[in-house]
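The primary structure of each chain is shown beneath.
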Amino acid sequence: MMMAGKSAGEDVAVAGRMSLKSAGEDVAVAGRMSLEEQLDVMARQLNEITGELSRQREERLRWSELVADVVPLAKQSMTTVTSHLEEDACNFDD
């Protein structure tokens, strides 16, 4: 959203800073933060990253379990279909 008197570039720059703030830190303010504040920001960011990694690991596990369940079913289905097609092919030869 553009504010009166601002160019599109300025608005993008403001939006970029806003997205950095939502991630836990405004780069422009980082130099004025105490070491303890910077460590707190880094700890929050690390928590976000580890949470995302945990979610990704769980997602990979769910996909692995799904593949392990579906592959035998797909193989059995292909075997059954192939068998039926072979039987039908024999009937056409008569």
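Before reading on, note that the structure itself is shown above.
As the structure is a computational prediction, the values presented were derived from the model and not from experiment. (Residues numbered from 1 in each chain as written. Predicted model: local features only at pLDDT ≥ 70, side-chain atom pairs only at ≥ 80, totals over all residues. Heavy atoms only, no water.)

K.L.:
Break down the overall build of the protein chain for me, with residues and values.
P.N.:
Along its length, the protein chain carries three helices and zero strands. In the protein chain, the order of α-helices and β-strands from amino to carboxyl end is α-α-α. By residue count, 5% of the 94 residues in the protein chain fall in the buried class. Summing over all exposed atoms, the protein chain offers an accessible surface of approximately 8,000 Å²; the carbon and sulfur share of this is 62%. (Helix = DSSP H or I, 4+ residues; strand = E, 2+ residues; numbered from the N terminus. Buried < 20%, exposed > 50% of the residue type's maximum accessible area, 1.4 Å probe, protein only. Areas by Shrake-Rupley, 256 points an atom, 1.4 Å probe, with all protein chains shown as cover.)

K.L.:
Outline the pattern of salt bridges, supporting the account with residue identities and numerical values.
P.N.:
Going through the model one piece at a time under the given rule, you end up with two salt bridges. For Glu 52, the salt bridge identified is with Arg 55, shortest N-O distance 3.2 Å. Of the two residues, Glu 52 and Arg 55 are both situated in helix H3 (residues 35–93); the distance of three residues between them amounts to about one turn of the helix. (Salt bridge = Lys/Arg side-chain N within 4 Å of Asp/Glu carboxyl O.)

K.L.:
Which residues make up a nonpolar patch on the surface, and what are the values?
P.N.:
A cluster of nonpolar side chains, namely Leu 35, Leu 39 and Met 42, defines an oily patch on the protein surface of about 340 Å² accessible area. In this fold, Leu 39 is placed in helix H3. (Patch = residues over 30% accessible without salt bridge, like charges linked within 9 Å, V, L, I, M, F, W, Y side chains within 5 Å.)

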